[in-house]
Amino acid sequence: MSELQAFLEKLHHTYAAMEQGEVAAYIPELSKANPDWFGISVVTTDGQAFNVGDTEQKFTIQSISKLFSYGLALEDHGREILLKKVGVEPTGDPFNSMIRLDEGSHRPYNPMINAGAIATTSLLKGDGPTDKLNRLLKMLERYTGHDVFIDMPTFISERATGHRNRAMAHLMLNFGMIDKDIDAALDLYFQQCAVMVTCQDLATMAATLANHGQNPITQTRAVNEDYVRDILSVMYTCGMYNRAGEWAYRVGVPAKSGVSGGILAVIPGKAGIATFSPPIDDNGNSVRGLRVFEALSKKYNLHMFDLSMGRCIFCI
Ligand SMILES: N[C@@H](CCC(=O)O)C(=O)O
């Protein structure tokens, strides 16, 4: 067994017993997740895969989808046009806050909070709702390397209860920051959040970004190489809810988490790492996931600004 595999198994064993955190329930369908589900996956840019635990359990991608739709919007519109519609500043506020929408330029602060993600998804090109959804699914399939599907109960559950997201869309419409067909934009946003993935998928998707936008297993290009740096920049500053600063300080790699319990992180040029465990803390981050990433970063010197010798030894 490789040293990395042995270390992943040790981490899994150590943190499986943790009992902190709560499974998200504000989208009713998410509350059905088993709090004991726990997986850790690593995929390297040369195509090696390491897995431990529930890495084949399917779950809805939720907020992690935001970084991928941001990549597609960058391809559709380019950096400067998109920047006029959605900023790149961290907020320090909860992901579903709308306080800052009502001040200043009315431009959502960044594409990783809900307001910015809804605005980003509303900009995706396509000939009507079906074409837009198909473009989004095809894009995600280039990252995973296989077909992806929407979990209908989760989509319907969020569509029926997502009043806060609906309110944000109305506020942005009021300010003229979003196209008037907000129901279609919200449906597409709820659909992208309800796409089913596994922990292994998330690691492959992260490895694709680590590999300059090309899937290291299928060799398919998932996103234009020019935009990988934009995606990773907003992940680094805004990807971990209102713990993004502490994550950057402690773990030091671009990452994104979602309320269903997934976290993915990109080690540029080296690997993608993902964890899945549904209990989340007050910020929305998986409690087991945070511990695993802190331990991995320490053990393998993953922090981007750690320039000591032996950095990221596991992925060479
Ligand atoms: N669909 C969820 C995603 C939230 C998340 O994972 O942060 C929402 O909009 O509330």
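Preceding this paragraph is the structure being described.
The paragraphs below set out a description of the structure included in this document. (Residues numbered from 1 in each chain as written. Predicted model: local features only at pLDDT ≥ 70, side-chain atom pairs only at ≥ 80, totals over all residues. Heavy atoms only, no water.)

Looking at the packing of helix α2 (residues 65-77) against helix α5 (residues 129-144)
How two helices pack is summed up by the angle between their axes together with the distance between the axes. Here α2 crosses α5 at 115°, and the two axes come no closer than 10 Å. Between α2 and α5, the angle falls in the class roughly perpendicular. Both α2 and α5 take part in a crossing whose hand is right-handed. In this structure, α2 uses Phe 68, Ser 69, Leu 72, Glu 75 and Asp 76 to contact α5, whose residues at the interface are Arg 135, Leu 136, Met 139, Leu 140, Arg 142 and Tyr 143. Taken together, the residues that form the contact of α2 with α5 break down as 6 nonpolar, 1 polar and 4 charged. (Axes fitted to C-alpha atoms, helices over the stretch in contact; angles between N-to-C directions. Helix = DSSP H or I, 4+ residues; strand = E, 2+ residues; numbered from the N terminus. Parallel < 35°, antiparallel > 145°, perpendicular 65-115°, else oblique. Left-handed = near helix turned anticlockwise from the far one by under 90°. Contact = heavy atoms within 4.5 Å. Nonpolar A, V, L, I, M, F, W, Y, C, P; charged D, E, K, R; others polar.)

Here's the deal with the nonpolar core
Counting residues in each nonpolar core, the largest one holds 44 residues, and the members touching the most others are Leu 67, Phe 68, Tyr 143, Leu 202, Leu 209, Ile 231 and Leu 264. Looking at which element gives the most residues to this core, the answer is helix α9 (residues 199-210), with 8 residues. Within the second largest apolar cluster, 30 residues are counted, among which are Val 251, Ala 255, Ile 267 and Val 287. (Core = buried A, V, L, I, M, F, W, Y, C linked by side-chain atoms within 4.5 Å. Buried < 20%, exposed > 50% of the residue type's maximum accessible area, 1.4 Å probe, protein only.)

Concerning the packing of α2 against helix α10 (residues 228-238)
Interaxial distance between α2 and α10 falls to 9 Å at its minimum, and their mutual angle equals 145°. Viewed along their axes, α2 and α10 form a crossing whose handedness is right-handed. Each of Leu 67, Tyr 70, Gly 71 and Leu 74 in α2 lies in contact with α10, whose residues at this interface are Asp 230, Ile 231, Val 234 and Met 235. By residue class, the composition of the contact of α2 with α10 is 6 nonpolar, 1 polar and 1 charged.

Focus on the sheet that holds strand β5 (residues 255-257)
Taken in spatial order, the 5 strands of this open sheet run β2-β1-β7-β6-β5, and their pairing is antiparallel. Each end of this open sheet is capped by a strand with a single partner; those strands are β2 (49-53) and β5. Here the strands of the sheet are splayed against their neighbours by 10° on average, with no regard to which way each runs. Examined bridge by bridge, strand β1 (residues 39-44) and β2 share 5 bridges and lie antiparallel to one another. The residue bridging Val 42 from the neighbouring strand is Phe 50, located in β2. Here helix α12 (residues 287-300) sits on the sheet in contact with β1, β6 (262-267) and β7 (271-276), set at roughly 150° to β7. (Pairing = 2+ DSSP bridges.)

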